[in-house]
Amino acid sequence: MALTAADVLIETIQDWGVEVVFGLPGDGINGIMEALRKRRDQVRFIQVRHEEAAALMACGYAKFTGRLGVCLATSGPGGIHLLNGLYDAALDGQPVLAITGMAFHDLIGTFTQQDVALDRLYTDVAKFNQRIMGPAHVENITNLACRTALAYRGVAHITFPVDLQEMDAGAYRSKRNVKHHTSDVYARSARLPAETELASAAEVLNAGKKVAILAGRGALRATDELEQAADRLAAPIVKALLGKAAVPDDSPFTTGSIGLLGTKPSQDALEECDTLLMAGTSFPYIEFLPKPGQARGVQIELDPMRIGLRYPVQVGLVGDCARTLQALLPLLTRKTERGFLESAQERMKGWLELMEERATRTDSPMKPQVLAHELGRRLRTDAIVACDSGTIATWWARHIPAQRGQMHSLSGNLATMAAGLPYAIAAQVAYPDRQVVAFVGDGGFSMLMAEIATCVKYQLPVKVVIVKNNTLGQIKWEQIVFLGNPEYGCELQPMDFALFARACGATGFTIDNPADCGRMLEEALATPGPVVVQGVVDPFEPPLPAKVTLDQAAKFAKSLLRGEPNSQKIALTVLGDRIRELV
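Predicted model only: the values in this text are computed from it and were never measured.

(A) Seen up close, the overall build of the protein chain. From N to C terminus, the protein chain includes 23 helices and 18 strands. The C-alpha radius of gyration of the protein chain comes to 25 Å, within 12% of the 25 Å expected for a compact globule of 583 residues. For the protein chain, the C-alpha atoms occupy an extent of roughly 80 × 60 × 45 Å along the three principal directions. For the protein chain, the residues scored as buried account for 57% of the 583 residues in total. For the protein chain, restricting intrachain contacts to residue pairs at least 6 apart in sequence, the fraction spanning at least 24 positions comes to 75%. For the protein chain, the distance from the average site of its 59 positive side-chain charges to the average site of its 64 negative ones is 2 Å.

(B) Fine view of the nonpolar core. Counting residues in hydrophobic clusters, the biggest one holds 57 residues, and the most contacted among them are F22, C71, L82, L86, F445 and V464. Among the elements that line this core, the one with the most residues is helix α3 (residues 51-65), at ten residues. Each residue touching V464, except ones within four places of it in the same chain, is listed here: L421, A438, V440, F445, I452, V531, V532 and V533. By size, the runner-up hydrophobic cluster in this structure holds 34 residues, among which are V21, I29, L36 and L97.

(C) Examining the confidence of the model for the protein chain more closely. Chain-level pLDDT for the protein chain is 92 on average; 91% of the residues reach the 70-or-more range. Here residues 578-583 is a poorly scored stretch, pLDDT under 50, and it has eight contacts once near neighbours within four places are set aside; other chains count.

(D) Looking closely at the pattern of salt bridges. A full pass over the atoms with the stated rule returns 27 salt bridges. Linking R39 and E11 is a salt bridge whose minimum nitrogen-to-oxygen distance equals 3.0 Å. With a gap of 28 residues between them, R39 in the loop between α2 (30-38) and β2 (44-47) and E11 in helix α1 (residues 5-15) connect regions that are remote in the sequence. Judged by relative accessible area, R39 falls into the buried class, the value being 8%. Note that K239 is salt-bridged to D249, the shortest N-O span being 2.8 Å.

(E) Representation of the packing of α3 against helix α5 (residues 83-91). Relative orientation of the contacting elements α3 and α5 amounts to 20°, with a least axis distance of 6 Å. In terms of axis orientation, α3 runs roughly parallel to α5. Read as a crossing pair, α3 and α5 show a hand that is right-handed. The segment α3 lies against α5, with E52, A55, L56 and C59 engaging N84, G85, L86, D88 and A89. Of the residues in the contact of α3 with α5, the class split is five nonpolar, two polar and two charged.

(F) Highlighting helix α7 (residues 138-152). For α7, spanning 15 residues, the distance from its first C-alpha to its last is 21 Å, which sits close to the expected 21 Å at 1.5 Å a residue. Here α7 lies mainly inside the structure; eleven of its 15 residues are buried. Listed in full, the buried residues belonging to α7 are V138, E139, N140, I141, T142, N143, A145, C146, T148, A149 and L150.

(G) Representation of the sheet that holds strand β14 (residues 407-409) within the structure. If you trace the six strands from one edge of the open sheet to the other, you get β14-β13-β15-β16-β18-β17, paired in parallel fashion. Of all strands in the sheet, those bounded by a partner on one side alone are β14 and β17 (507-511). Across the sheet, the mean angle separating the axes of adjacent strands is 15° when strand polarity is ignored. As defined by bridge partners, strand β16 (residues 463-468) adjoins strand β18 (residues 531-536) across six bridges and the pair is classed as parallel.

(H) Region of interest: the side chain of H157. Position of H157 among the secondary structure elements: in strand β6 (residues 155-161). Engagement of the side chain of H157 in a polar contact is seen with the side chain of T100, the distance being 2.8 Å. If near-sequence neighbours (up to four positions away) are discounted, H157 is found in contact with A98, T100, L118, D119, Y122, A126, F128, N129 and Q130.

(I) Spotlight on helix α14 (residues 368-378). Across the eleven residues that make up α14, a large majority, nine, are buried. Within α14, burial applies to P368, Q369, V370, L371, A372, H373, E374, L375 and G376.

(J) Layout of the packing of aromatic side chains. The tally for this structure, following the rule as stated, stands at four aromatic pairs. When the ring centre of W396 is taken as reference, the NZ or CZ atom of K244 above it lies at 5.1 Å. A cation sits over an aromatic face here: R434 above Y431, 5.4 Å from the ring centre.

(K) Up close: the pairing of strand β15 (residues 436-441). For β15, a buried count of six out of six residues is recorded, marking the element as mostly surrounded by other parts of the structure. With burial as the criterion, each face of β15 is covered, one bearing V436, A438 and V440 and the other bearing V437, F439 and G441. Bridge count between strand β13 (residues 384-387) and β15: four bridges; the pairing is parallel. Across the sheet, residue A386 finds its bridge partner in β15, namely A438.

(L) Spatial organisation of the environment of K335. Turning to its location among the elements, K335 is positioned in the loop between α12 (321-328) and α13 (339-359). Sequence-wise, K335 and G208 are 127 residues apart; in three dimensions their C-alpha atoms are separated by 9.5 Å. A polar atom in the side chain of K335 sits 2.8 Å from the backbone oxygen of G208.

(M) Quick look at the pairing of strand β11 (residues 296-301). For β11, the buried fraction is high: five of the six residues fall into the buried class. Direction of pairing for strand β10 (residues 275-279) relative to β11: parallel, over a ladder of five bridges. Within β11, the residue paired with L276 across the bridge is G297. Of the pairings in the sheet, the one linking β11 to strand β12 (residues 315-318) comprises four bridges and is parallel in character. For I300, the partnering residue across the bridge sits in β12 and is L317.

(N) Region of interest: the sheet that holds strand β1 (residues 20-23). Strand order in the open sheet made by the six strands is β2-β1-β3-β4-β6-β5, with parallel pairing throughout. Edge positions in the sheet fall to β2 and β5 (126-131), since each has one partner strand and no second. Recorded for the sheet is a direction-independent mean angle of 20° between the axes of neighbouring strands. Relative to strand β3 (residues 69-73), β1 is paired through two bridges, and the arrangement is parallel.

(O) Structural context of the environment of F128. The residue F128 is located in strand β5 in this model. Sequence separation between F128 and I480 is 352 residues, and the spatial gap between their C-alpha atoms is 42 Å. Residues within four places of F128 in sequence aside, it is in contact with I141, L144, A145, T148, V155, A156 and H157.

Reading guide: rules and limits
- Residues numbered from 1 in each chain as written.
- Predicted model: local features only at pLDDT ≥ 70, side-chain atom pairs only at ≥ 80, totals over all residues.
- Heavy atoms only, no water.
- Helix = DSSP H or I, 4+ residues; strand = E, 2+ residues; numbered from the N terminus.
- Rg over C-alpha atoms; globule rule 2.2 N^0.38 Å.
- Buried < 20%, exposed > 50% of the residue type's maximum accessible area, 1.4 Å probe, protein only.
- Contact = heavy atoms within 4.5 Å.
- Lys, Arg positive; Asp, Glu negative; His and termini not counted.
- Charge placed at Lys NZ, Arg CZ, Asp CG, Glu CD.
- Core = buried A, V, L, I, M, F, W, Y, C linked by side-chain atoms within 4.5 Å.
- pLDDT = per-residue confidence, 0-100.
- Salt bridge = Lys/Arg side-chain N within 4 Å of Asp/Glu carboxyl O.
- Axes fitted to C-alpha atoms, helices over the stretch in contact; angles between N-to-C directions.
- Parallel < 35°, antiparallel > 145°, perpendicular 65-115°, else oblique.
- Left-handed = near helix turned anticlockwise from the far one by under 90°.
- Nonpolar A, V, L, I, M, F, W, Y, C, P; charged D, E, K, R; others polar.
- Expected span 1.5 Å × (residues − 1).
- Pairing = 2+ DSSP bridges.
- Polar contact = N/O pair within 3.5 Å; in protein donor to acceptor, adjacent residues only side chain to side chain.
- Phe/Tyr/Trp six-rings, centres within 6.5 Å; stacked < 30°, edge-to-face > 60°.
- Lys NZ or Arg CZ within 6 Å of the ring centre and 35° of its normal.

Here it is as structure tokens:
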């Protein structure tokens, strides 16, 4: 049987190692769906309930595997729905290929049904963005799209008019388009900084008296090298959220996360350091970094455009974090004065004691910290944890420790809600034998909760743990603490997620008693198949920053005075937390 243009598309992405496509069928991609059907033993098609989930799954797949994530959507609304997940990939530098359908090629631009110029729509999100012009165009464009996504770590987009998909692959070819003139060979850059740059970086780091390391997503595969550098430089390792698994949280060198949901020892380290080594991070909250002029800086970054993006460093080292640190380590002198590191370690001991106290409380209603803590204690060393955006990220960052061998992630720079469950599904598809947990809030989960049916359909044993407080917590506390306004528009209509899970064919648990939390989580994690656990928690427990500023305290008080509807309960909760910190 003669190959169609769509057959060429699927065979070409197979050549690039693609084994799974996340998507939703539609009449604008019928030819592509037929090509996938014929190759269903080689390329797995995961049918989703919403195209946004497909794009988020493709991003999560790329994050957890390092391979090309692929999503597929029909013309018009299907392609539009992909955008949020594609922006997640674009902002976090993940290689994702989006394939969309289009109207009949000779009706485009004539107001036909679903006539959306998706190639124009994707101009901002995609590093590569092309419309297929004919069957002989497919191989060239697909090779270039896959190569661009992988080499430049971003989104590539191919939009394919529906009638061209079913055309004979051997149809008209221009005289200059030589058949098979492209290649699926991908040359991975092994770039290393010049020896002079490494020497300059070593000079800065060796001269520092109080060196701090800030590690991000680019350092995830440089665990040993980070700890060796920290040991030589007597430097605490502060972690951006996407770098949570760069070093395990039981490492004697780390002070944990930084930012609004970070730790006080991390913030102290960055406020007091005189030298900063940034390893694979574009951490966006520059207000938490040292003040310009406070510290000399060295930055390791794969993308030369991002050198000096967040902090005015003295030396930029362009290259892979692990290999660059390996080249840098022999040039670093082991510091004999280790007071800065020891002070950070002592502070971290106190911080961990405080977190332990907050996470083992028996108050009713249950504190969200209890749910996170009990879950973290029961995760396997091969666990993959996908978190969502919102207050949930605070409890994940502070109370679910990253162990060596685990993977952790969430939506970073986009910080989109609803990514946790799709990320977890992608992880379970990629690693069927590993433990996969989505740790999500009720606001984010309810946006794409139909994907529980996807877990059931494909028998994916994803475990979903929901912090249920019936409110959009992050927005609520921003209104109160950062703006000084009473909360408004944040309350959620309560939903029974355990009942919903059972309606989908999954298992559902409800936990509302802290005394039962550990036992029930253990039972849920041991239950075969997809499981949803809803943990009913105190909606008045604030995810306060590690250091509350005077301005934040003033706005908090102002909000209570201006008519915050739950002012008394919130004030008592916060007062109780602060008293516990002092006694």
